[in-house]
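As a plain string of letters, each chain reads:
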Amino acid sequence: MAEFDLLILGGGTGGYVAALRAAQLGMKVGVAEKNKLGGTCLHRGCIPSKSFLRSAEVYHEMQQAESFGLKATEVGVHFPGVVARKDKIVGNLHKGVQGLLKRAGVTVLHGTGTLMAPSIFAPSGWVSVSLEDGETEKVEAQAIIVATGSCPRTLGIPIDGRHTFTSDEILAHEALPGRMVILGGGAIGMEWASLYSDFGVQVTVLEALPRILTGEEPEIADEIAKLFKRRRVQIITGVKVLTDSVTTADGEVSISYELDGQREIVTADALLVSAGRECNIHGIGLESFERIRVEQGRIQVDEFQRTGQPGIYAIGDVVGGGLAHVAAHQGLIAVEHIAGHQPYPLDRARVPRCVYTRPEVASVGLTEEEAHRSGREVKVGKFPFRSIGKAQVFGEIDGFAKLVTDAQSGELLGAHLVGPHVTELISEAGLARLLNATAWEITIAVHPHPTLSEIFGEAALAVEGRALHS
């Protein structure tokens, strides 16, 4: 029987970051992972999809060579090469994670961990790990972190990996379809719509809600919809998808939907189901713990990631984290609380959100509507990228920045951007939110010229109607 100070179920972003921090704090740490270290983000999500998006972006830029005074001949897509590049990046990072844990002295148990009921010898409970070789190992720990992640929802649609896919299967598909239907206009769906469109695929997005990217500022979502329409991506919102209507025949897949009382059918070479994710909480032994509450498919935790069972914590997608950087931060909070520190609880209003479409979307804090609903009087500043010199240099002038501020104090309540490389820019707004900075303070911060970051200074000036280059 193995014994640890801390055992973590799941070696994804949240799990392995928590393990590294716990090792720094002198704990004896074990990680039970049934697949590969790095989890969904590294192997089936963030990293591989962004590799595809980068390849698509480069292909688009090559097609625009003449606008930069350059000549490029025989520009084309070799999609197996795109897949191979993705695999190489993922492989390198996977080796990196393995090396980090090994150097930190973390024990990795390659198998599936199941929580077992507590006893007088193990008040927090213990874990049975079904190892790859068929053996079972009993593990006791002073504390346990559940970080088992999530999997894509299928909506009951049969996924065959040839014509119907989720984000898991599509990453391994080495052929570009001529036509693609994507169910879901959230961040993941729109990223796939963006990269496939850049690769020349005819894309249709079906979204049940009235608009795409419903978690974002409506003006931002509307701008993306407008720009995607310019790219000939068909976006149909407000639809009722008839998930039991999916059929495949003669190398094609068809699906029906209802819109304004009319039934329509769309046919394509491939169907990507991108309708959110569900928590991996089944079959891990939660039913053995009456004090661990599960509501709406998520484990309930407090501000320090504690479940109702003493000694058991939960982080990441299983608690509704939804983002790799949230899972990692929650892991740090949990570990430091286990170690007896007083970590600062996570404030979701200060967590940046990023969508890696072309152009990108990034935001942090309240939308204008949310700020009004909170009872505040607000002032808004907007500034377009087309008036930023560096955007002209890049040849990427679509989009804008919108800052939402408190009219009385000037405090930055929210920042919302759509445009070139905004996922790299949003951290300035995130830091401003953390420090309760005002729009005036942003205006007196010197932004180097020429840079895309100048848009923050101009948007902050625009709050008081003082933007200089509009």
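Residues numbered from 1 in each chain as written. Predicted model: local features only at pLDDT ≥ 70, side-chain atom pairs only at ≥ 80, totals over all residues. Heavy atoms only, no water.

What's the story with the overall build of the chain in this structure? I'm lost.
A count of helices and strands for the chain gives 13 helices and 23 strands. Relative to its 470 residues, the chain shows a buried fraction of 49%. Within the chain, contacts between residues separated by at least 24 positions form 61% of all contacts whose residues are at least 6 apart in sequence. When the accessible surface of the chain is totalled, it reaches about 22000 Å², and 50% of it is carbon and sulfur. (Helix = DSSP H or I, 4+ residues; strand = E, 2+ residues; numbered from the N terminus. Buried < 20%, exposed > 50% of the residue type's maximum accessible area, 1.4 Å probe, protein only. Contact = heavy atoms within 4.5 Å. Areas by Shrake-Rupley, 256 points an atom, 1.4 Å probe, with all protein chains shown as cover.)

Honestly, the environment of D347 in this entry has me stumped. Any pointers?
Mapped onto the elements, D347 comes out in the loop between α8 (324–338) and β19 (353–355). Sequence-wise, D347 and F304 are 43 residues apart; in three dimensions their C-alpha atoms are separated by 11 Å. Polar contacts involving the side chain of D347 include one to the main-chain amide nitrogen of A349, which spans 3.0 Å. (Polar contact = N/O pair within 3.5 Å; in protein donor to acceptor, adjacent residues only side chain to side chain.)

Help me understand the state of the cysteines in this model?
Note on terminology: a disulfide is the covalent bond linking the sulfur atoms of two cysteines. This model, assessed by the stated rule, comprises one disulfide. In this model, C41 is linked to C46 through a disulfide, with the two sulfur atoms separated by 2.4 Å. Residues C41 and C46 are joined by a disulfide whose S-S torsion is about -130°; by sign, that bridge is left-handed. For C41, a relative accessible area of 16% gives the class buried. Not part of a disulfide, C151 finds its nearest cysteine sulfur in C279, a span of 8.8 Å. (Disulfide = S-S within 2.5 Å.)

I'm lost on the layout of surface pockets in this one. Help?
Over the atoms rolls a probe the size of a water molecule, and in doing so it shows where empty space is left. Of the pockets and cavities examined, the second largest pocket occupies roughly 600 Å³. Lining of the second largest pocket is provided by 23 residues; of these, H60, Q64, R358, G395 and E396 occupy positions nearest its centre. When contributions to the lining of the second largest pocket are tallied by element, the ones reaching two or more residues are α3 (46–63), α6 (187–198) and α7 (218–230). Examining the composition of the lining of the second largest pocket, we find that five residues originate from one element, α3, more than from any other. Considered class by class, the residues forming the lining of the second largest pocket number seven nonpolar, eight polar and eight charged. (1 Å grid on protein atoms, 1.4 Å probe; cavity = no way out; pocket = protein on both sides within 12 Å on 5 of 7 lines; lining within 4 Å. Points joined across faces, edges and corners; volume = space filled by probe spheres on them. Nonpolar A, V, L, I, M, F, W, Y, C, P; charged D, E, K, R; others polar.)

How do you make sense of unusual backbone geometry when you look at a structure like this?
It is generally the case that most residues other than glycine have a negative phi and that most peptide bonds are trans. Geometrically, the link from R358 to P359 is a cis peptide bond, its omega value of 0° lying close to zero. If you trace the backbone, P359 turns up in the loop between β19 and β20 (360–365). One non-glycine residue, R232, lies in positive phi territory at about 70°. Inspection of the secondary structure puts R232 in the loop between α7 and β10 (234–237). We note that N436 has phi near 55°; this positive angle belongs to a residue other than glycine.

Please clarify how the sheet that holds strand β13 (residues 262–268) should be interpreted in this entry.
Within the open sheet, the three strands sit side by side as β11-β12-β13. Their pairing is antiparallel. Each end of this open sheet is capped by a strand with a single partner; those strands are β11 (240–249) and β13. Within this sheet the neighbouring strands show an average axis-to-axis angle of 20°, counted without direction. Note that β11 and strand β12 (residues 252–259) share six bridges and pair antiparallel. Opposite K240, over in β12, you have E258 as the bridge partner. (Pairing = 2+ DSSP bridges. Axes fitted to C-alpha atoms, helices over the stretch in contact; angles between N-to-C directions.)

I would appreciate a short explanation of empty space enclosed by the protein in the present structure.
Using the criterion set out here, one finds one cavity of 30 Å³ or more in the structure. Looking at the largest cavity, its volume works out to about 40 Å³. P152, S167, I188, V273, S274, A275, G276 and R277 are the residues that line the largest cavity. When grouped by side-chain class, the residues that make up the lining of the largest cavity number four nonpolar, three polar and one charged.

Sorry, what's going on with the side chain of H447 here?
Structurally, H447 can be placed in the loop between α12 (439–444) and α13 (454–463). Within the structure, H447 has its side chain in polar contact with the side chain of E428 (distance 2.7 Å). For H447, the side chain forms a polar contact with the main-chain oxygen of A445, separated by 3.1 Å. Look past the residues within four positions of H447 in its chain and what remains in contact with it is E428, I442, S453, E454, F456 and G457.

Honestly, helix α1 (residues 13–24) in this entry has me stumped. Any pointers?
The periodicity of an α-helix, 3.6 residues per turn, causes residues three or four places apart in sequence to face the same way. With twelve residues, α1 should reach 16 Å at 1.5 Å per residue; the first-to-last C-alpha distance of 17 Å fits that figure. Taken as a whole, α1 has its buried residues at T13, G14, G15, Y16, V17, A18, A19, A22 and A23. Elements in contact with the buried residues of α1: β1 (2–9), β2 (29–33), α2 (39–44), α4 (79–103), β5 (136–146) and α8. Note on α1: the residue one or two positions beyond its end, G26, has a positive phi of about 85°. (Expected span 1.5 Å × (residues − 1).)

In short, geometric facts, not functional conclusions.
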